[in-house]
Amino acid sequence: MKIALLGYGTVGRGVDEIISSRVPQVEVSRILELPDRLSDPRMTSSFEDIVSDPDVELVVECMGGVEPAHTYLMAALAAGKHVVTSNKAVVAAHLSEFAAAAQVAGAGLYIEASVGGGIPWIAGIEKARRVDEVTSFMGIMNGTTNYIVDAMRRDGADFDEVLARAQELGYAERDPSADVDGIDVLNKTIITASVAFDVACEKNLPATGIRNLRLSDLELFATHGRTVKLLGRGVSRDGGYAAAVEPVAVATDSLEANVPSNFNLVTLDATTVGELKFYGQGAGSLPTGNAIVQDVLDCATGARRPVYDFSRGLAYEPSLLRADYVYRTAAQVGGESYAEGAVLVRGLTAEAARALLDQALESDPTTFMAALS
């Protein structure tokens, strides 16, 4: 099978490396690259060269961002070409549109690499769904924030110092907002909920990151036998679903609490199989490239052809996702004392907790919030 790569950055190069060295039945015959970077005879700066090439059966998109990725993927599907993508932003924004276009064209749509890097998370959900209803999921889905929290806890360092180190190591971007504000996990949570619950997931989910996390917060939670992790979470029951992204104070003896460095750990719970956990590298050239190549091979061999059907009709019901929340703040938010400078507010939905955080941030911009698991 001849395939084309859209983008030749970290992930694109990883895909090319894996295919050229380990997958002889697949050939990267075209690569879309910027006009000033055409360093390989396979490269072109014209997407039309790729979409009109009858020899190209599958397009791998690893450009990032929503546009022009959305336009290119819709054009590839309309041309009857299979699509594999690692781009969580475009998948979260347009999954239902891509799924419908793939069905009309009779083409395959593969999104494994958009969540969890090399972890077979999407395929794991799809396999569970063949027999079970997925009732809930949660997970550490962002290696950058996990590295930051783990290093703060391990080294006794504060947020800004560890973030700078993460940027030096290449774990965090120069602008770390997508990671530390929870946007990356939000995209992955939308995709996960869509696949797990067979629903075109609500895009405006409550989402909170770890920008205001302090070393003193970790020390405070440690006295209560907990530590903080940034989690994407979702639940489905009684004809509805809810999902959110937020810091969660988990027990220090839990698996989640002990996930090190930039690793991910994602969990689903389903009707008969129960709880399943998936652990591994959540990002990087070769882990993400591996997930892409697995999708390419599934397509080339006919081993797997995902079908995404969002006609189940579940309602978005925020009341399904509730927890007790701790606020470290100088603002007045009610609740009961949890520790000096921190209060516990019981039984909030994730939406209500986020609204209370926004209220607190108006008078104390340093406020930090975490749910209790």
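Located above this text is the structure these notes cover.
Keep in mind that what you see is a predicted model, and the values were worked out from it rather than measured.

Engineer: So what about the pairing of strand 4 (residues 56-61)? Which residues, and what values?
Structural biologist: Counting buried positions over the 6 residues of strand 4 gives 5, a clear majority of the element. Note that strand 1 (residues 2-6) and strand 4 share 5 bridges and pair parallel. Paired with Leu6 across the bridge in strand 4 is Glu61. Across 4 bridges, the pairing between strand 4 and strand 5 (residues 82-85) is parallel.

Engineer: Give a detailed account of the side chain of Asp364, specifying residues and quantitative values.
Structural biologist: You can see Asp364 is positioned in the loop between helix 12 (350-363) and strand 16 (368-372). For the buried Asp364, which has no salt bridge, the nearest side chain bearing the opposite charge is Arg328, at an N-O separation of 5.0 Å. When sequence neighbours within four positions are dropped, the list of residues in contact with Asp364 reads Thr329, Ala330 and Ala331.

Engineer: Any details on the packing of helix 4 (residues 88-105) against helix 9 (residues 183-197)? Residues and values, ideally.
Structural biologist: Remark: helix 4 packs on helix 9, axes separated minimally by 9 Å, with the N-to-C direction vectors making an angle of 45°. The orientation of helix 4 relative to helix 9 falls into the category oblique. Like other packed secondary-structure pairs, helix 4 and helix 9 cross with a definite hand, here left-handed. Residue-level contacts link Lys88, Ala89, Val91, Ala92 and Leu95 of helix 4 to Asp184, Asn187, Lys188, Ile190, Ile191 and Ser194 of helix 9. Per-class residue counts for the contact of helix 4 with helix 9 are 6 nonpolar, 2 polar and 3 charged.

Engineer: Please provide a residue-by-residue account of the packing of helix 3 (residues 69-78) against helix 4, values included.
Structural biologist: Running from N to C, helix 3 and helix 4 cross one another at 15°; their axes reach a closest spacing of 9 Å. Regarding the angle of helix 3 to helix 4, the classification is roughly parallel. Crossing angle aside, the handedness with which helix 3 passes helix 4 is right-handed. Between helix 3 and helix 4, the residues in contact are Ala69, His70, Leu73, Met74 and Leu77 and Val90, His94, Glu97, Phe98, Ala101, Ala102 and Ala105, respectively. Across the contact of helix 3 with helix 4, the residue classes break down as 9 nonpolar, 2 polar and 1 charged.

Conventions and cut-offs
- Residues numbered from 1 in each chain as written.
- Predicted model: local features only at pLDDT ≥ 70, side-chain atom pairs only at ≥ 80, totals over all residues.
- Heavy atoms only, no water.
- Buried < 20%, exposed > 50% of the residue type's maximum accessible area, 1.4 Å probe, protein only.
- Helix = DSSP H or I, 4+ residues; strand = E, 2+ residues; numbered from the N terminus.
- Pairing = 2+ DSSP bridges.
- Lys, Arg positive; Asp, Glu negative; His and termini not counted.
- Salt bridge = Lys/Arg side-chain N within 4 Å of Asp/Glu carboxyl O.
- Contact = heavy atoms within 4.5 Å.
- Axes fitted to C-alpha atoms, helices over the stretch in contact; angles between N-to-C directions.
- Parallel < 35°, antiparallel > 145°, perpendicular 65-115°, else oblique.
- Left-handed = near helix turned anticlockwise from the far one by under 90°.
- Nonpolar A, V, L, I, M, F, W, Y, C, P; charged D, E, K, R; others polar.

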